[in-house]
Amino acid sequence: MRIWLDGALQDADSAQVSVFDHGLTVGDGVFETLKAERGAVFALTRHLERLTRSARGLGLPDPDLDEVRAACAAVLEANPVPLGRLRITYTGGVSPLGSDRGEAAPTLVVALGETARRPDTTAVITVPWVRNERSAIAGLKSTSYAENVVALAAAHRAGASEALFANTVGQLCEGTGSNVFVVVDGELHTPPVASGCLAGITRALVVEWAGAKETDLPFEVLERAEEVFLTSTLRDVQAVSVVDGRAVAAAGGGVGPVTAEAMRLFDAHARADLDP
């Protein structure tokens, strides 16, 4: 496996990042995950725009997007896979042991891992922990991901693939690595970015292509929703058939009609345009 590290391709086994890198010591970094199919990535421009927004939100210098594009292309060429997870990581670089950032340049890593297509349906759980919609890093794709690790581990112990969070005022927010949509009275809704959720790339495209409404929703909406689905870079649109061990009404253990149409629309638009 070959990765891009600070300006060049390197063998993954020998590539080294300093133990004093601020991304390692305090999680001072941002990242993007892109879907790669047969050497091409989906929605690269949108992902790079969000990478820049996240970097600015942390006070990091803007990434050199020409270098990032070149790095992505080089890694894809060096590691041909049918379906892959392309990960761009951009950190505060070598810094003192503490929250203060040093004077070193940021660290850029681009790596690729092979993956498999997700199943059409999945189970999720809800967790007691919340997203802080007023956090300094709300809405940023930060490498400070420990709370997601804890919640996702809880989901796996329960036989689910994802955990869903409320925010501090009891509204539906997001998953550990996904956005959530619900169908109520036949209408498709998703929490607004103001809820504290990440402005997901797939989320935005589904809002545009499937006509979803951005709505403040109580967390309890999951108990009465006719359909629930998740969106993310590698899930695309994935139906939720079970929430907390309870079958979702319209799905009946499968894919409901609104979700099926969202899947169809997303697949059709994505095939027509790799960089929408």
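Located above this text is the structure these notes cover.
Keep in mind it's a predicted model, so treat the numbers as computed, not measured.

Conventions and cut-offs
- Residues numbered from 1 in each chain as written.
- Predicted model: local features only at pLDDT ≥ 70, side-chain atom pairs only at ≥ 80, totals over all residues.
- Heavy atoms only, no water.
- Helix = DSSP H or I, 4+ residues; strand = E, 2+ residues; numbered from the N terminus.
- Buried < 20%, exposed > 50% of the residue type's maximum accessible area, 1.4 Å probe, protein only.
- Contact = heavy atoms within 4.5 Å.
- Phe/Tyr/Trp six-rings, centres within 6.5 Å; stacked < 30°, edge-to-face > 60°.
- Lys NZ or Arg CZ within 6 Å of the ring centre and 35° of its normal.
- Axes fitted to C-alpha atoms, helices over the stretch in contact; angles between N-to-C directions.
- Parallel < 35°, antiparallel > 145°, perpendicular 65-115°, else oblique.
- Nonpolar A, V, L, I, M, F, W, Y, C, P; charged D, E, K, R; others polar.
- Core = buried A, V, L, I, M, F, W, Y, C linked by side-chain atoms within 4.5 Å.
- Pairing = 2+ DSSP bridges.
- Right-handed = clockwise from strand over helix to strand, strands pointing away.
- Salt bridge = Lys/Arg side-chain N within 4 Å of Asp/Glu carboxyl O.
- Patch = residues over 30% accessible without salt bridge, like charges linked within 9 Å, V, L, I, M, F, W, Y side chains within 5 Å.
- Areas by Shrake-Rupley, 256 points an atom, 1.4 Å probe, with all protein chains shown as cover.

Novice: Residue-level account of the side chain of S232, with values.
Specialist: Following the sequence through the fold, S232 ends up in strand β13 (residues 227-232). Residue class for S232 comes out buried when judged on its relative accessible area of 12%. Once you skip the residues sitting within four places of it in the chain, S232 turns out to touch G177, S178 and T202.

Novice: Provide a residue-level description of the packing of aromatic side chains, including the pertinent values.
Specialist: On inspection of all chains with the given rule, the structure shows four aromatic pairs. When the ring of F181 is compared with that of F229, the centres are 4.8 Å apart and the planes differ by 15 degrees; the resulting orientation is stacked. Taken together, the positions of F181 in strand β10 (residues 179-184) and F229 in strand β13 put the pair 48 residues apart, joining distant regions of the chain. By the ring-pair criterion, three or more aromatic residues cluster together here, those being F42, W209 and F266. A cation over a ring is seen here: K35 above F42, with NZ or CZ 5.7 Å from the ring centre. Cation over ring: R131 sits above F165, and NZ or CZ is 4.1 Å from the ring centre.

Novice: Break down the packing of helix α5 (residues 201-210) against helix α7 (residues 257-272) for me, with residues and values.
Specialist: Running from N to C, α5 and α7 point in directions that differ by 105 degrees, and their axes come no closer than 10 Å. Comparing their axes, α7 and α5 come out roughly perpendicular. Of α7, the residues touching α5 (which contributes T202, L205, V206, W209 and A210) are A262, L265, F266, H269 and A270. Class assignment of the residues belonging to the contact of α5 with α7 gives a composition of eight nonpolar, two polar and no charged.

Novice: Before we move on, can you summarise the nonpolar core with the specific residues and values?
Specialist: Grouped together as the largest cluster of nonpolar side chains are 25 residues, with contacts concentrated most on L86, I88 and V110. Looking at this core, the elements with two or more residues in it are β3 (29-37), α2 (44-58), α3 (65-78), β5 (83-91) and β6 (107-114). Element by element, the count of residues in this core is highest for α3, at six residues. Setting aside anything within four residues of it in sequence, one finds V110 in contact with I3, W4, A71, C72, V75, L86, R87 and I88. If you look at the next biggest cluster of nonpolar residues, it comprises 18 residues, including F42, V183, L205 and F229.

Novice: Report on the pairing of strand β7 (residues 121-131), specifying residues and quantitative values.
Specialist: As paired strands, β7 and strand β14 (residues 236-243) are joined by four bridges and run parallel to one another. Among the inter-strand pairings, T121 is bridged to a residue of β14, identified as A239. One ladder, built from five bridges, connects β7 with strand β8 (residues 162-167); its direction is parallel. By the bridge assignment for β8, V130 is matched with A166. The parallel pair β7 and β8 is bridged by helix α4 (residues 146-157), and the resulting crossover is right-handed.

Novice: Go over the sheet that holds strand β1 (residues 2-5) with me, naming the residues and quoting the values.
Specialist: Judged by pairing direction, the sheet is antiparallel, and its six strands sit side by side in the order β2-β1-β6-β5-β3-β4 without closing on themselves. With one partner strand each, in any of the chains shown, β2 (8-11) and β4 (40-41) form the two edges of the open sheet. Sheet analysis places β3 next to β5, joined by nine bridges and oriented antiparallel. Bridge pairing in β5 links E37 to L83. Docked against the sheet, α2 engages β3, β4 and β5, running at close to 170 degrees with respect to β3. Here α3 sits on the sheet in contact with β1, β2, β3, β4, β5 and β6, set at roughly 30 degrees to β6.

Novice: Account for the pattern of salt bridges, with residues named and values stated.
Specialist: Side chains that differ in sign of charge can pair as their charged atoms come close. Tallied over the full model, the rule gives 13 salt bridges. Here E174 makes a salt bridge to R131, at a shortest N to O gap of 2.6 Å. Residue E174 is located in strand β9 (residues 172-175), and its partner R131 is located in strand β7; the two are separated by 43 residues in the primary sequence. According to the relative accessible area criterion, E174 is buried, its value standing at 7%.

Novice: Summarise a nonpolar patch on the surface; cite the residues concerned and give the values.
Specialist: Taken together, the side chains of V19, F20, L24, V94 and L97 make up a nonpolar region of the molecular surface, amounting to roughly 510 Å² of accessible area. Within the secondary structure, V19 sits in the loop between β2 and α1 (22-25).

Keep in mind that these numbers describe shape and distance, not what the molecule does.
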